[in-house]
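# Geometric and topological summary
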Amino acid sequence: MSRQIKIFDTTLRDGEQSPGCSMHINEKIELALQLERLGVDVIEAGFAASSEGDFNSVATIAERLKNTTVASLARAMISDIDRAYEAVRRGVSPRIHIFLATSPLHMQYKLKKSEDEVLRLIEESVKYAKSKVSDIEFSAEDASRSERAFLARAFETAIKSGATVVNIPDTVGYCTPTEMYDLARFVKENVKGADKVDLSAHNHNDLGLAVANTLAMVEAGISQVECTVNGIGERAGNAALEEIVMGLNTRPYLYDAETRINTKEIYRTCKLVSNIIGVNIHPTKPIVGANAFAHESGIHQHGVLAKKETYEILSPEAIGIPENKIVLGKHSGKHAFSEHLKEMGYHDISSEKMEELFLEFKRLCDVKKSVSNKDIEALLSNKKMEKNLLYTLINFVINCKKGNAYAAVSIKCGDEVKTVIEEGDGPIDSAFRAIDVVTGRTFMLCDYGVQSVSEGQDALGESYVRLSLDGGAAVTGRGVSTDVIESGILAYIDAVNKLLI
Ligand code: KIV
Ligand code: ZN
């Protein structure tokens, strides 16, 4: 029987540390629920001691998830462990994840601590956390640049003090697959007690080797992999979950290892993360990029038509890519619509939400000749912030000529509808200015982009707006409409709602 590899997803912690990838609490909850559906074993929901916001999202996610271990990161200090414990304790299977650096560079310049002091901190912090929950992970930050003899002592101390998982990070993405294989073997064969705990891989992608390093460590015998959806994370990111899982799936005889992941949920999870952070998946991204299954050259097309396996090692169905065929139209009724959503895997839509979605679908049918699965997915992801909105778009009128425009925007705020007319350089600029006036705030526009969801002139336009307020962290808003100006306005209002709620 093949070995079971646990998937530890850190999209909500290490992933969120990537510049511009901060998420709203509602989005974090939505993503955590999707990760549970995907079948990950552990979700690192945040770093509870780092902020009130992180604490609240870890605590809420721990309470909401029913089958998944929820972890919070903590430094090797009592106050961090207390916060982490408070946040995860209501979870079905809480974990505290303690980290401390073990490389000479980090100990001397960052921690300013001797080896003995570091060992003492590991012992004290792991024992203290163990008095609170039974599942404790210890990470030796910068393990790959640590001296091996000392790293072994650090891990032995953690295991003796109660750690159930020891993690071997390549924190700066410096090492190669052969080196990480060798390091994992070293830990497995030389650390006393290593056979009683899970050994874990955590690789960063600075040299583009994170997934290769992780798979090499699986070959070396580790039993947990840490990764993020779409590989988002600090600097060049972390090892990508979907690439590791499909690597293991596609080469079962090579790795003789499997995961609990429902691969059919991969595409939806990757799209959700991309929608939340407002960063498109690169077309050549392995597994989920738009070109991952496209065959351009005639020779390849001919081969694939004759036998798929000539040029395809994975199938789009395996990761749940919806066929982009026309599925429903103007004459489809609510029953057909809701049955179709179920076929697409959306089983838990409330009747109230279904009602709203159906109205939007009908509106879309009026302006778009044919509605495809991609359009329906765009409508669904448009609904993610519908509760507790401060501002909702009612209507807008734009009057423009080259270089100058007027926008009249009507926005509902509580029971009141405010209409403001503003002048700007173009339709988008004037509309955004009008929204600022309605809210009485001046937002800083960090980025704005628009792309089409599907092909054709009547395709839905999907806009992203990155906004910040008073020098704070930027958030991403998203809007979808067949009218690109409207999609921009909706995206701006979405970002405003996130910043102000
Ligand atoms: O990269 C790293 O070393 C980390 C640790 C906190 C596990 O993210
Ligand atoms: Zn990391």
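Described below are features of the structure shown in this document. Since we're looking at a predicted model, the values are computed, not measured. (Residues numbered from 1 in each chain as written. Chains lettered and ligands numbered in written order. Predicted model: local features only at pLDDT ≥ 70, side-chain atom pairs only at ≥ 80, totals over all residues. Heavy atoms only, no water.)

## A look at the sheet that holds strand S4 (residues 69-75)
The sheet built from eight strands closes into a barrel, its strands ordered S2-S3-S4-S5-S6-S7-S8-S9 with parallel pairing. Pairwise comparison of adjacent strand axes, ignoring direction, gives a mean angle of 25° for this sheet. In this structure, strand S2 (residues 6-9) lies alongside strand S3 (residues 42-46), joined through two bridges in parallel fashion. The residue of S3 that forms the bridge with Asp-9 is Ile-43. Across the sheet, helix H3 (residues 52-64) touches S3 and S4, and the angle it forms with S4 is around 155°. (Pairing = 2+ DSSP bridges. Helix = DSSP H or I, 4+ residues; strand = E, 2+ residues; numbered from the N terminus. Axes fitted to C-alpha atoms, helices over the stretch in contact; angles between N-to-C directions. Contact = heavy atoms within 4.5 Å.)

## Quick word on the pairing of strand S13 (residues 391-401)
With ten bridges connecting them, S13 and strand S14 (residues 404-413) associate as antiparallel partners. Counted as the bridge partner of Lys-401 is Asn-404 from S14. Connecting S13 to the antiparallel partner S14 that follows it, the hairpin turn spans two residues, and Gly-403 within it adopts a positive phi of roughly 85°.

## Observations regarding the coordination of the zinc ion (ligand 2)
Tetrahedral coordination by four donors places them ideally at 109.5 degrees to one another around the metal; octahedral coordination by six donors ideally gives 90 or 180 degrees. Every protein donor of the zinc ion (ligand 2) is accounted for by Asp-14 (OD), His-202 (NE2) and His-204 (NE2), and the metal-donor separations fall at 2.0 to 2.1 Å. Taken in sequence order, the residues that donate to the zinc ion (ligand 2) follow the motif D-x187-H-x1-H. The pair His-202 / His-204 is uniform in exposure class, with both members buried. (Donors = N, O, S within 2.8 Å, 3.2 Å for Na, K, Ca; no water. Buried < 20%, exposed > 50% of the residue type's maximum accessible area, 1.4 Å probe, protein only.)

## Brief notes about the state of the cysteines
In protein chemistry, a disulfide is the covalent bond that joins the sulfur atoms of two cysteines. Within this structure, the stated rule accounts for zero disulfides. Between Cys-270, a cysteine without a disulfide, and Cys-227, which holds the nearest cysteine sulfur, the sulfur-to-sulfur distance is 11 Å. With a relative accessible area of 1%, Cys-270 lands in the buried category. (Disulfide = S-S within 2.5 Å.)

## Considerations on helix H6 (residues 115-130)
Compared with an ideal rise of 1.5 Å per residue, which puts 16 residues at 22 Å, H6 spans 22 Å between its outermost C-alpha atoms and is within 8% of the ideal. Buried within H6 are the following residues: Val-118, Leu-119, Leu-121, Ile-122, Ser-125, Val-126 and Ala-129. Axial view of H6: buried residues confined to an arc of 160°, hence all on one face. The inward-facing, buried residues of H6 abut helix H4 (78-88), strand S5 (94-101), helix H5 (104-111), strand S6 (135-141) and helix H7 (148-161). (Expected span 1.5 Å × (residues − 1). Arc of directions from axis to C-beta.)

## Topic: the pattern of salt bridges
In this structure the tally under the stated criterion is 31 salt bridges. The closest approach of N and O atoms between Glu-124 and Arg-120, which form a salt bridge, is 3.2 Å. You can see Glu-124 and its partner Arg-120 sitting in helix H6, four residues apart, about one turn around the helix. By relative accessible area, Arg-120 is classed as partly exposed at 43%. (Salt bridge = Lys/Arg side-chain N within 4 Å of Asp/Glu carboxyl O.)

## Notes on the sheet that holds strand S16 (residues 444-452)
Pairing is antiparallel across the open sheet formed by three strands, whose spatial order is S16-S17-S18. The open sheet is flanked by S16 and strand S18 (475-481), the only strands paired with a single partner. Here the strands of the sheet are splayed against their neighbours by 15° on average, with no regard to which way each runs. With seven bridges joining them, strand S17 (residues 461-468) and S18 adopt antiparallel strand pairing. From the neighbouring strand, Ser-463 faces S18, where its bridge partner is Gly-479. Most of the contacts of helix H12 (residues 266-277) go to S17, to which it runs at about 50°, and overall it touches S17 and S18.

## Considerations on the packing of aromatic side chains
Applying the stated criterion across every chain, the model contains eight aromatic pairs. Arranged with centres 4.6 Å apart and planes meeting at 25°, the rings of Phe-337 and Phe-361 form a pair that is stacked. Pair noted here: Phe-337 is in helix H14 (residues 334-343) and Phe-361 is in helix H15 (residues 351-367), with a separation of 24 residues, a long-range link. The burial state of Phe-337 is the same as that of Phe-361; both residues are buried. Here Phe-443 and Tyr-492 contribute two aromatic rings whose centre-to-centre distance is 6.3 Å and whose plane-to-plane angle is 90°, an arrangement assigned as edge-to-face. (Phe/Tyr/Trp six-rings, centres within 6.5 Å; stacked < 30°, edge-to-face > 60°.)

Fair warning: the whole summary comes from geometry, so function is off the table for now.
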